[in-house]
Amino acid sequence: QVQLVESGGGLVQPGGSLRLSCAASGFTFGNYVMRWYRQAPGKERELVAVISGFGTTNYGDSVKGRFTISRDNAKNTVSLQMNSLKPEDTAVYYCNAQRGAIDYWGKGTLVTVSP
């Protein structure tokens, strides 16, 4: 049974930090590209960050220099360190695992950035 379970969301003030984690199970984690997406109310889902099985990373323009994606293939986890948070980072953040045509999604964790 495939599972992706996000955690670490919450309420944070502008300029603050949060660390999201995604625990994966039910598939060979190291063979999958892992991504974090987000979706703000009334907006389309947006790619935040991606990391290959080998650790190559890429980021959406809006988070470059503030967010860092990492993975631990031994623990089957992927994380997203978010610094210098802004109100516009408020969204539900989703973990995604992809290999070819196979695509798995978590249920999301809410991040709210507000004074």
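So, here's what we can say about the structure. (Residues numbered from 1 in each chain as written. Predicted model: local features only at pLDDT ≥ 70, side-chain atom pairs only at ≥ 80, totals over all residues. Heavy atoms only, no water.)

### Here's the deal with unusual backbone geometry
Then step 1. Backbone geometry places asparagine 76, a non-glycine residue, at a positive phi of 55°.
Then step 2. As for its position among the elements, asparagine 76 is in the loop between strand E7 (67–72) and strand E8 (77–82).
Then step 3. Phi is positive for serine 84, which is not a glycine, with a value near 50°.
Then step 4. Examined against the element boundaries, serine 84 turns out to sit in the loop between E8 and strand E9 (91–99).
Then step 5. Of the residues examined, serine 84 reaches a relative accessible area of 42% and is grouped as partly exposed. (Helix = DSSP H or I, 4+ residues; strand = E, 2+ residues; numbered from the N terminus. Buried < 20%, exposed > 50% of the residue type's maximum accessible area, 1.4 Å probe, protein only.)

### A look at the state of the cysteines
Then step 1. For the coordinates displayed, the defined rule picks out one disulfide.
Then step 2. Bridging cysteine 22 to cysteine 95, the disulfide has an S-S length of 2.1 Å. The chirality of the disulfide connecting cysteine 22 with cysteine 95 is left-handed, given an S-S dihedral of about -80°. Residue cysteine 22 is found in strand E3 (residues 18–25), and its partner cysteine 95 is found in strand E9; the two are separated by 73 residues along the sequence. (Disulfide = S-S within 2.5 Å.)

### Digging into the environment of alanine 23
Then step 1. Among the structural elements, alanine 23 can be located in strand E3.
Then step 2. Note on alanine 23: relative accessible area 39%, which makes it partly exposed.
Then step 3. Distance in space between the C-alpha atoms of alanine 23 and asparagine 83 is 21 Å, their sequence separation being 60 residues.
Then step 4. Non-local contacts of alanine 23, meaning those with residues more than four positions away in its chain, are made with Gln3, Leu4, Val5, Asn76 and Thr77. (Contact = heavy atoms within 4.5 Å.)

### Considering the sheet that holds strand E1 (residues 3–7)
Then step 1. Here we have four strands laid out as an open sheet, ordered E1-E3-E8-E7, and antiparallel in their pairing. Looking along the sheet, the strands with just one partner apiece sit at the ends: E1 and E7. For this sheet, the mean angle separating the axes of adjacent strands, direction not counted, is 15°.
Then step 2. Strand direction decides the pairing type here: E1 and E3, joined by five bridges, are antiparallel. Looking across to E3, one finds that valine 5 is bridged to alanine 23. (Pairing = 2+ DSSP bridges. Axes fitted to C-alpha atoms, helices over the stretch in contact; angles between N-to-C directions.)

### Digging into the nonpolar core
It is characteristic of soluble globular proteins that their nonpolar side chains tend to be buried jointly.
Then step 1. Within the largest apolar cluster, 29 residues are counted, with the highest numbers of intra-cluster contacts made by Met34, Trp36, Val78, Leu80, Met82 and Tyr93.
Then step 2. When residues of this core are traced back to their parent elements, those giving at least two are E3, strand E4 (33–39), strand E5 (46–51), E7, E8, E9 and strand E11 (109–113).
Then step 3. With residues near it in sequence (within four places) discarded, methionine 34 still touches Leu4, Phe29, Ala49, Val50, Ile51, Ile69, Arg71, Val78, Cys95, Asn96 and Ala97. (Core = buried A, V, L, I, M, F, W, Y, C linked by side-chain atoms within 4.5 Å.)

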